Amino acid sequence: MREKACSFSIAFGGGAGLTPPNERMWTTISNHQPSALLMLGDNVYIDDPLHILTQRYCYYRRQSQTEWRELVASTPVYAIYDDHDFGTNDCVPGSEVDSPTWKRQVLEVFKQNWNNPAYGGGKEDPGCWFDFHIGQVHFIVLDGRYYRDLKDGSMLGARQKSYLFRTLETSTAKFKILASPVPWSPGVKPGSKDTWDGFAAEREEIFVFIEEKAIDGVILMAADRHRSDLRQITRSRGYDLYEVMSSRLTNVHTHNLLKSAKGSKFIMGYNQKCSFGLLNFDTTKDDPEVEYSIVSIDNEV
């Protein structure tokens, strides 16, 4: 399907702790028959990077759910981790490959449970970043935890950032989706450095690269906040960037809608029930289109 004009939909989200009454979410998603599902972190809640058996148990609980098994039997799934399925809450493990020593172990268990097309830069540069195409849409999926280092001011690490720039610059797709486990938009988690606000210089470096290389069709995607949002980031040098966010697939805990944030504009949001994001692409038109919808667990759009 690569580079062929077509219309299709993808579902995405994060925040999927095991909650038996909410496991019906997977049936709701399946009924939309998306071409893919992107799981953007906190796909299960583990918070125990030191014990392999705990990690495997948490994955087993999810995979034993009938609704989940029926969904993944018919829908391609792509996944990255965030803090609760990589380390612990808001973890900043640093830029070293093998420090803390649990990094590779957690990644290996993750790889055993998610069939992604690639994983980072191989044995020497482990991680969970990769890209894939559906038609004329290029999904570039980033690892926001393995190399996260506040002292160095980098969420991605040097190797992953080089991969990102190279992949963006050479992409010929109509749309390029930059998927991150945490929000790009400024101000959506006030006072916290866990989002891209903690790495503002690196975020700006990425945005300036997009503008200087005249890369069009970029859309930002993220999870982490327990709600679904659409936000706008105004840019003076290039086109405004839009971010679609969703991260309350099955979680009970809810974050309030943040309609006022310094640096980004709230367009729409929803937090009354569990929800997922749905992107409908149509690249058959002379002016290709993408539509973002927020869908509740009870299929309310």
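The structure we're discussing is the one just above.
Residues numbered from 1 in each chain as written. Predicted model: local features only at pLDDT ≥ 70, side-chain atom pairs only at ≥ 80, totals over all residues. Heavy atoms only, no water.

## Let's talk about the pairing of strand S6 (residues 175-180)
The element S6 is extensively covered by neighbouring structure, given that 6 of its 6 residues are classed as buried. The side-chain alternation of S6 yields two buried faces, one formed by Phe 175, Ile 177 and Ala 179 and the other by Lys 176, Leu 178 and Ser 180. Looking at chain direction, strand S5 (residues 137-141) and S6 are connected through 5 bridges and run parallel. Looking across to S6, one finds that His 138 is bridged to Lys 176. For S6 and strand S7 (residues 218-222), the ladder comprises 5 bridges, and the chain directions are parallel. Directly across from Ala 179, in S7, lies its bridge partner Met 221. As a crossover connection, the stretch from S6 through helix H7 (residues 200-212) into S7 is right-handed. (Buried < 20%, exposed > 50% of the residue type's maximum accessible area, 1.4 Å probe, protein only. Helix = DSSP H or I, 4+ residues; strand = E, 2+ residues; numbered from the N terminus. Pairing = 2+ DSSP bridges. Right-handed = clockwise from strand over helix to strand, strands pointing away.)

## Looking at the packing of helix H6 (residues 158-170) against H7
Interaxial distance between H6 and H7 falls to 11 Å at its minimum, and their mutual angle equals 20°. The angle between H6 and H7 places the two elements in the roughly parallel class. Crossing angle aside, the handedness with which H6 passes H7 is right-handed. For the pair formed by H6 and H7, the contact residues are Lys 161, Leu 164, Phe 165, Leu 168 and Glu 169 on the first element and Glu 202, Glu 205, Ile 206, Phe 209 and Ile 210 on the second. Of the residues that constitute the contact of H6 with H7, the class distribution is 6 nonpolar, no polar and 4 charged. (Axes fitted to C-alpha atoms, helices over the stretch in contact; angles between N-to-C directions. Parallel < 35°, antiparallel > 145°, perpendicular 65-115°, else oblique. Left-handed = near helix turned anticlockwise from the far one by under 90°. Contact = heavy atoms within 4.5 Å. Nonpolar A, V, L, I, M, F, W, Y, C, P; charged D, E, K, R; others polar.)

## Digging into the sheet that holds strand S1 (residues 7-13)
Strand order in the open sheet made by the 5 strands is S3-S2-S1-S12-S13, with mixed pairing throughout. The open sheet has two edge strands with one neighbour each: strand S3 (77-79) and strand S13 (289-296). Averaged over all pairs of adjacent strands, the angle between strand axes in this sheet comes to 20°, irrespective of strand direction. As defined by bridge partners, S1 adjoins strand S12 (residues 275-282) across 6 bridges and the pair is classed as antiparallel. Looking across to S12, one finds that Ser 9 is bridged to Asn 280.

## Considerations on the packing of aromatic side chains
Tallying each qualifying case throughout the model produces 23 aromatic pairs. Seen in terms of ring centroids, Phe 86 and Trp 102 are 5.3 Å apart; in terms of plane orientation they differ by 65°. Their pairing is edge-to-face. Placement of Phe 86 in helix H4 (residues 83-86) and of Trp 102 in helix H5 (residues 102-113) is noted, with a sequence separation of 16 residues between them. Taken as a pair, Phe 86 and Trp 102 share a single burial class, namely buried. It is Lys 103 that lies over the ring of Tyr 147; its NZ or CZ is 5.8 Å from the centre. (Phe/Tyr/Trp six-rings, centres within 6.5 Å; stacked < 30°, edge-to-face > 60°. Lys NZ or Arg CZ within 6 Å of the ring centre and 35° of its normal.)

## Focus: the sheet that holds strand S9 (residues 241-246)
The strand order across the open sheet built from 8 strands is S4-S5-S6-S7-S9-S8-S11-S10, with neighbouring strands paired in mixed fashion. In this open sheet, the two strands that pair with only one neighbour each are strand S4 (130-134) and strand S10 (260-261). With respect to the sheet, H6 is in contact with S4, S5, S6 and S7, its orientation differing from that of S5 by roughly 175°.

## Quick look at the environment of Glu 291
Among the structural elements, Glu 291 can be located in strand S13. Taking the C-alpha atoms as reference points, Glu 291 and Leu 279, separated by 12 residues in sequence, lie 5.6 Å from one another. If near-sequence neighbours (up to four positions away) are discounted, Glu 291 is found in contact with Leu 278, Leu 279 and Asn 280.

## Observations concerning H7
Every α-helical turn comprises 3.6 residues, leaving residues that sit three or four positions apart pointing alike. Helix length check: H7, at 13 residues, gives a terminal C-alpha distance of 18 Å against a target of 18 Å (1.5 Å per residue), a fit within 8%. All of the buried residues along H7 are Glu 202, Arg 203, Ile 206, Phe 207, Val 208, Phe 209, Ile 210 and Glu 211. Considering only its buried residues, H7 is in contact with H6, S6, S7, strand S8 (228-233) and S9. Downstream of H7 by a residue or two, Ala 214 has a phi angle that is positive, lying close to 50°. (Expected span 1.5 Å × (residues − 1).)

## Some words on the nonpolar core
Residues Ile 10, Leu 38, Met 39, Phe 139, Leu 178, Ile 206 and Met 221 are the most contacted members of the largest nonpolar core, which totals 88 residues. In this structure, Phe 139 is in contact with Phe 8, Ile 10, Leu 38, Phe 130, Asp 131, Phe 132, Ile 134, Ile 177 and Phe 281, ignoring residues within four places of it in sequence. (Core = buried A, V, L, I, M, F, W, Y, C linked by side-chain atoms within 4.5 Å.)

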